Amino acid sequence: MTDGGGPPFPQTVTTYHDGIFGRMRSRAVGRPRPDVPEVVLVQGMAVADYLLPGLGAFGQWTRAHLVELPGFAGSGDPPHELDVKEFGRCVADWLSGRALGPVILAGHSSGTQVAARAAVGHTEVAAVVLASPTVDPVARGWLRLLTRWRLDSRHEPPGLGESHHPEWRRAGLHRLVHTVHVHLKDALEDSVAQLRVPLLIIRGRDDRIGTARWAGQLASLVEEGQCIEVAGAHTFPWLDPQAWSEPVRRLAARVGPHQ
């Protein structure tokens, strides 16, 4: 399946979880395989569909799930507007409810902040992947973030922004503004420093929102931390889903149950 001429979207299996802050939709591809951790991917800033091509790449070698946060995409509304800590609790609750066994918990863009929060102390998280991590300290401010987002957009492929519009409309302006605000206040490095599992940072070489220096610093906060760069800008998995699939597959082989 394709969406507006963009990259192909995989066929998914949709499920719902009635969580602590509202109903959460998740979409899965692939099938469970012996001794291979499943991948759980947290959506980005108010949008999820753009990650479906990348989800499909994970589904070629394991079962992979795209988790949507309350208030966004196909999930229900929360009882109040949530902050990053509460979003992390939502994902941790989803993991506990699904009982998938050891998983690789991944996030892209603002999803890295939520994934890192959810992973701290969670016994089912065998490793963490942070792709295009936010928010780099050099971009912590509305004007600085907007400037870097505009610079990055020059390197992003055509059609990506248009693909976000339905999900932005679903969220609404008030929720979008609130979500940016709480992510700007959240220091990803504080959560990363508490991780006790292997960490993989993946950064697009042309990313203008996050710097190579900060990505390396994040990886250095964890005993088993690694930082790699791939071709592309901030949203590199949109047109090149395989860019993160093989690095994460190698990580899965290292932390799988048989290890």
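Keep in mind the model is a prediction, meaning the values are calculated, not measured.

A.B. asks: Quick question: what am I supposed to make of helix α3 (residues 111–119) here?
C.D. replies: Because an α-helix completes one turn every 3.6 residues, residues spaced three or four positions apart along the sequence face the same direction. Of all the 9 residues making up α3, 8 are buried; the element is thus mostly covered by neighbouring parts of the structure. Inspection of α3 places Gly111, Thr112, Gln113, Val114, Ala115, Ala116, Ala118 and Ala119 among the buried residues, and these make up the whole buried set. Buried residues belonging to α3 abut β3 (38–42), α2 (84–98), β5 (103–108), β6 (125–131), α6 (173–185) and α7 (188–192). After α3 finishes, the residue Gly121 shows a positive phi value of roughly 80°.

A.B. asks: For this particular structure, what's the right way to read the sheet that holds β3?
C.D. replies: The pairing of strands in a sheet comes from backbone hydrogen bonds and takes either a parallel or an antiparallel form. Ordered in space as β1-β2-β4-β3-β5-β6-β7-β8, the 8 strands form an open sheet in which the pairing is mixed. Taken across any chain shown, the strands that pair with only one partner, and hence form the sheet edges, are β1 (13–19) and β8 (225–230). Each strand of the sheet is rotated relative to its neighbour by a mean of 20°, with strand direction disregarded. Pairing between β5 and β6: 6 bridges, direction parallel. Bridged to Ala106 within β6 is Val129. Seen against the sheet, helix α8 (residues 212–220) touches β7 (199–204) and β8 and runs at an angle of roughly 175° to β7.

A.B. asks: Quick question: what am I supposed to make of the packing of aromatic side chains here?
C.D. replies: For any two aromatic rings, the description comes down to two numbers: the centre-to-centre distance and the angle of the planes. Tallying each qualifying case throughout the model produces 5 aromatic pairs. Between the aromatic rings of Phe58 and Trp61, the centroid separation amounts to 6.2 Å while the plane-to-plane angle is 85°, which identifies the pairing as edge-to-face. Trp61 carries the same exposure label as Phe58, and that label is buried. The interplanar angle of 50° and the centroid separation of 6.1 Å between the aromatic rings of Phe72 and Phe87 together place this pair among those described as tilted. Remark: Phe87 occurs in helix α2 and Phe72 occurs in the loop between β4 (64–67) and α2; sequence separation between them is 15 residues. Here a set of aromatic residues connected by ring pairs shows up, and it is made of Phe58, Trp61, Phe236 and Trp244.

A.B. asks: Explain the pairing of β4 here, please?
C.D. replies: The side-chain alternation of β4 yields two buried faces, one formed by Ala64 and Leu66 and the other by His65 and Val67. Of the pairings in the sheet, the one linking strand β2 (residues 22–29) to β4 comprises 4 bridges and is antiparallel in character. Across the sheet, the residue bridging to Val29 is Ala64, located in β4. Tracing the backbone out of β3, into helix α1 (residues 52–58) and back to the parallel element β4 gives a crossover that is right-handed.

A.B. asks: Sorry, what's going on with empty space enclosed by the protein here?
C.D. replies: A water-sized probe rolled over the atoms picks out the places where empty space is left. All chains considered together, the criterion is met by 1 cavity of 30 Å³ or more. Lining the largest cavity are Gln43, Gly44, Met45, Ala46, Leu69, Phe72, Phe87, Ser110, Val114, Thr179 and His183. Class assignment for the residues of the lining of the largest cavity results in 6 nonpolar, 5 polar and no charged.

A.B. asks: Explain the pattern of salt bridges to me, please; I cannot follow it from the model alone.
C.D. replies: When the charged atoms of two side chains lie near each other, side chains of opposite charge can form a pair. Across all of its chains, the model carries 12 salt bridges by this definition. Here Arg27 makes a salt bridge to Asp49, at a shortest N to O gap of 2.8 Å. Pair noted here: Arg27 is in strand β2 and Asp49 is in the loop between β3 and α1, with a separation of 22 residues, a long-range link. We note a salt bridge from Arg117 to Asp186, for which the minimum N-O separation is 2.7 Å. Remark: Asp186 occurs in the loop between α6 and α7 and Arg117 occurs in helix α3; sequence separation between them is 69 residues. Here Arg117 falls in the partly exposed class, since its relative accessible area comes to 32%. Via salt bridges that share partners, Arg25, Arg27, Asp49 and Glu68 belong to a single interconnected network.

Each value, and the rule that gives it
- Residues numbered from 1 in each chain as written.
- Predicted model: local features only at pLDDT ≥ 70, side-chain atom pairs only at ≥ 80, totals over all residues.
- Heavy atoms only, no water.
- Buried < 20%, exposed > 50% of the residue type's maximum accessible area, 1.4 Å probe, protein only.
- Helix = DSSP H or I, 4+ residues; strand = E, 2+ residues; numbered from the N terminus.
- Contact = heavy atoms within 4.5 Å.
- Pairing = 2+ DSSP bridges.
- Axes fitted to C-alpha atoms, helices over the stretch in contact; angles between N-to-C directions.
- Phe/Tyr/Trp six-rings, centres within 6.5 Å; stacked < 30°, edge-to-face > 60°.
- Right-handed = clockwise from strand over helix to strand, strands pointing away.
- 1 Å grid on protein atoms, 1.4 Å probe; cavity = no way out; pocket = protein on both sides within 12 Å on 5 of 7 lines; lining within 4 Å.
- Points joined across faces, edges and corners; volume = space filled by probe spheres on them.
- Nonpolar A, V, L, I, M, F, W, Y, C, P; charged D, E, K, R; others polar.
- Salt bridge = Lys/Arg side-chain N within 4 Å of Asp/Glu carboxyl O.

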